[in-house]
Every structure is written in C-alpha cells, then in structure tokens.
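# Breakdown of the fold
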Amino acid sequence: MVDGLFTNDPIIAQNFFLEIDGEVISTLTAVSGLDIEVSVSTSKASGAGGQIEEVKGLGNTVSSPDLQLSRIAPLDATSDKLWTWFNEIRGTGLKATDRTGQRKNGSIVLYDAARNEVARFNFFKAWPSKISTDQLSVDSTEAVKENITLVIERLERKK
C-alpha cells in the first residue's frame, strides 16, 4: 500500500436526508438510483485489412434513473410534505404546459457522525410517482417503511 493514498475517512452511508426546494422534508433509510450515465454511441468501420471494427464514442445524452427512496412511514400522512405533494399530483395530474408547477428540485444529502455535510446529490424537475408500504405482518416488530419512486430529469453530484 502506498503511504498517504487514503487521506480522508470514507463516507459512511447512515445519515442522509431528502431536501425539496432547500427544505429537509424527510429522513431516509435507503436510497438507490444515484446513477449518472453518459450514453455511448457505436458505429462500425473498416479497419486494417478490411476487418470490420466497432468504434465507440461518447454520445451527448446524459440519463439518470428514477430515485428509489425508503423511509420510516410518518404517523400522519395528512401533514407529511411528501404525501401532500404526491396527493396533489394524484389529484390533478402533471400539467404538460407547466413544467415547473408540480415538478420540484431537491437533494439527497449525506452527513457524517458529527453532522457535517459530506456529499450532496442534486436532482431536478422531480415528482413522486409511487409510494408503497412494506408488507405488514402481525408478528413483526419492525417499524413500518415506505418506498417512494421519485421521477427525475437530471442528477448531479455537487459534493
């Protein structure tokens, strides 16, 4: 091992929150979909001796999957900001002529044990498309969890 290769402690994924429009609206227990991908375009070309070769080049399309969030279910869904947002969309739908009306910007923010921000993933033009509750069982002692699908148009890591 090369001395000095590791100069910082690793990020420990245990304290992370959902911010919408700059306001923390929920603590999260799990997040997936923090992926940013640049498409790869391929074409065929004749190489030396007439052999067909595949040439790969970067495309210009950047894509991000939907975010999958998990959290402890709130005691009162009527006063929960995520449920309120979801119910507004469910009731009125997304208006095609108003790209900013129900779509919101936000962040997944990670903190270390001393509550210092260590990473931030900003997403844009998001909206919740699904909220589901984990399976319930009478013999469980686990807290009830919700799983939220957040459709996003763009994702970037800022920190």
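Below you will find a few notes about this structure. No experiment lies behind these values; they were computed from the predicted model shown. Throughout, residues of each chain are indexed from 1 in the direction in which the sequence is written. Restriction of local features to residues with pLDDT of at least 70 applies here, the model being predicted, together with a cutoff of 80 or more for giving and counting side-chain atom pairs; totals for whole chains, interfaces and linings are based on all residues. Hydrogens are left out, water is left out, and the side-chain values use all remaining heavy atoms of the structure.

Glancing now at the environment of Ile-108. Relative to the helices and strands, Ile-108 resides in strand S7 (residues 104-111). Taking the C-alpha atoms as reference points, Ile-108 and Val-31, separated by 77 residues in sequence, lie 8.5 Å from one another. Pairs of residues are marked as contacts when any of their non-hydrogen atoms sit within 4.5 Å. Residues in contact with Ile-108, not counting those within four places in the same chain, are Phe-17, Leu-18, Leu-28, Val-31, Leu-34, Leu-67, Leu-69, Ala-119, Arg-120, Phe-121 and Phe-123. Numbering of helices and strands runs from the N terminus; a helix is a DSSP stretch of H or I covering at least four residues, while a strand is a stretch of E covering at least two.

Now for helix H1 (residues 81-92). To estimate the expected span of a helix, count its residues, drop one, and scale the result by 1.5 Å. Taking 1.5 Å of rise per residue, the twelve residues of H1 would be expected to cover 16 Å, and the 17 Å separating its terminal C-alpha atoms lies within 8% of that figure. Buried residues of H1: Leu-82, Trp-83, Trp-85, Phe-86 and Ile-89, and no others. Buried residues along H1 cover an arc of 160 degrees about the axis, so they all sit on one side. Exposed and oriented more than 90 degrees from the buried face of H1 are Gly-91 and Thr-92. Of the residues that open H1, the one with a side-chain oxygen 3.2 Å from the backbone nitrogen of Leu-82 is Asp-80. Two residues or fewer after H1 comes Gly-93, characterised by a positive phi angle close to 75 degrees. The classification of residues rests on relative accessible area computed with a 1.4 Å probe and restricted to protein chains. Under 20% of the type maximum is buried, over 50% is exposed, and intermediate values are partly exposed. What the arc measures is the spread of directions leading from the helix axis to the C-beta atoms. The definition of a polar contact used here is a pair of N or O atoms within 3.5 Å, where within protein one atom must be able to donate a hydrogen and the other to accept one, and adjacent residues in sequence count solely through side-chain atom pairs.

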